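Here is how the chains run, residue by residue.
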Amino acid sequence: SQTIHQWPATLVQPVGSPLSLECTVEGTSNPNLYWYRQAAGRGLQLLFYSVGIGQISSEVPQNLSASRPQDRQFILSSKKLLLSDSGFYLCAWSVGGHLPEQYFGPGTRLTVT
Amino acid sequence: DAKTTQPTSMDCAEGRAANLPCNHSTISGNEYVYWYRQIHSQGPQYIIHGLKNNETNEMASLIITEDRKSSTLILPHATLRDTAVYYCIVTTPGNYGNKLVFGAGTILRVKS
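As the structure is a computational prediction, the values presented were derived from the model and not from experiment.

Definitions and limits used
- Residues numbered from 1 in each chain as written.
- Chains lettered and ligands numbered in written order.
- Predicted model: local features only at pLDDT ≥ 70, side-chain atom pairs only at ≥ 80, totals over all residues.
- Heavy atoms only, no water.
- Helix = DSSP H or I, 4+ residues; strand = E, 2+ residues; numbered from the N terminus.
- Buried < 20%, exposed > 50% of the residue type's maximum accessible area, 1.4 Å probe, protein only.
- Contact = heavy atoms within 4.5 Å.
- Areas by Shrake-Rupley, 256 points an atom, 1.4 Å probe, with all protein chains shown as cover.
- Lys, Arg positive; Asp, Glu negative; His and termini not counted.
- Charge placed at Lys NZ, Arg CZ, Asp CG, Glu CD.
- Salt bridge = Lys/Arg side-chain N within 4 Å of Asp/Glu carboxyl O.
- Buried area = accessible area lost by both parts, 1.4 Å probe.
- Polar contact = N/O pair within 3.5 Å; in protein donor to acceptor, adjacent residues only side chain to side chain.

**Details of the overall build of chain A**
And step 1. Counting secondary structure elements, chain A contains zero helices and eleven strands.
And step 2. Starting at the N terminus and ending at the C terminus, chain A contains elements arranged as β-β-β-β-β-β-β-β-β-β-β.
And step 3. With the principal axes as the frame, chain A shows a C-alpha extent of 40 × 25 × 20 Å.
And step 4. The proportion of buried residues among the 113 residues of chain A is 46%.
And step 5. Partitioning the intrachain contacts of chain A with sequence separation of at least 6 by distance along the chain shows that 55% fall at a separation of at least 24.
And step 6. For chain A, the computed accessible surface area is about 5200 Å², with 53% contributed by carbon and sulfur atoms.
And step 7. Measuring between centres, the 7 positive side-chain charges of chain A sit 10 Å from its 6 negative side-chain charges.

Laid out in structure tokens, this is it:
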């Protein structure tokens, strides 16, 4: 069966510090991968998605970036965090192809202080 | 993708059926209706999806009207663990992946 992992589970970082969140998927190959953010009391916002190694599409311009160095690894990064980057970051995967449903990881709760 | 309209919140008694409505009056012919839910502090969970016909799985049933302008998610015997935010999403397969746009959803409170 497929499993999606995210770490860390929680993170407190000062403004201006770098960020690296990791997501890995097990039990499937060549998945579509997604990063979402959920600010406090708000809905989910799609940040990035990837259909293959090195292929990243950005949905919202901001100080975040994403990379996919391996087939089942998706990384979310920032060089300098802002207060507005605080939120609940969720990674998701889906099988490539026609209308796949998405499966979400447990999330990382980031607080920028 | 077509927009959806859902009630902000609903209450349901434990053991009773929970019927969550969704309006999607601008849905186009190739758009599917998806339902997800998000329990507090967890990632969203896929529930069910459909195009025209009613669908049923181990979690829920999805009833889509004949004109496809609205749908209802039915949890046949709601439990306290079904308390969550339920999202109705209308989408088409994109050229790259299946992008989901989450709205505010419906907060379902199951009460004993």
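Once you've had a look at it, read on.
**Observations regarding the pattern of salt bridges**
And step 1. Under the criterion given, the structure shown has five salt bridges over all chains.
And step 2. Linking D85(A) and R37(A) is a salt bridge whose minimum nitrogen-to-oxygen distance equals 3.4 Å. With D85(A) in the loop between strand 8 (73-78) and strand 9 (87-94) and R37(A) in strand 4 (residues 32-38), the pair connects residues that are 48 residues apart, well separated along the chain.
And step 3. By relative accessible area, R37(A) is classed as buried at 11%.
And step 4. Members of the salt-bridge network, linked through shared partners, are D11(B), R109(B) and K111(B).

**Focus: the interface of chain A and chain B**
And step 1. Each side of the interface is counted separately: chain A has 21 residues, and chain B has 20 residues.
And step 2. Between chain A and chain B, roughly 1700 Å² of surface is buried when both sides are summed, and carbon and sulfur atoms account for 60% of that area.
And step 3. Where chain A touches chain B, the interface holds zero salt bridges.
And step 4. Put simply, chain A and chain B have two residue pairs in polar contact (both at pLDDT 80 or more) between them.
And step 5. For the side of chain A that touches chain B, the elements supplying multiple residues, two or more each, are strand 4, strand 5 (44-52) and strand 9 of chain A.

**Comments concerning the side chain of R37(A)**
And step 1. At 3.1 Å, the side chain of R37(A) forms a polar contact with the side chain of Y89(A).
And step 2. With residues near it in sequence (within four places) discarded, R37(A) still touches G43(A), L44(A), Q45(A), L47(A), Q62(A), L64(A), S84(A), D85(A), S86(A), F88(A) and Y89(A).

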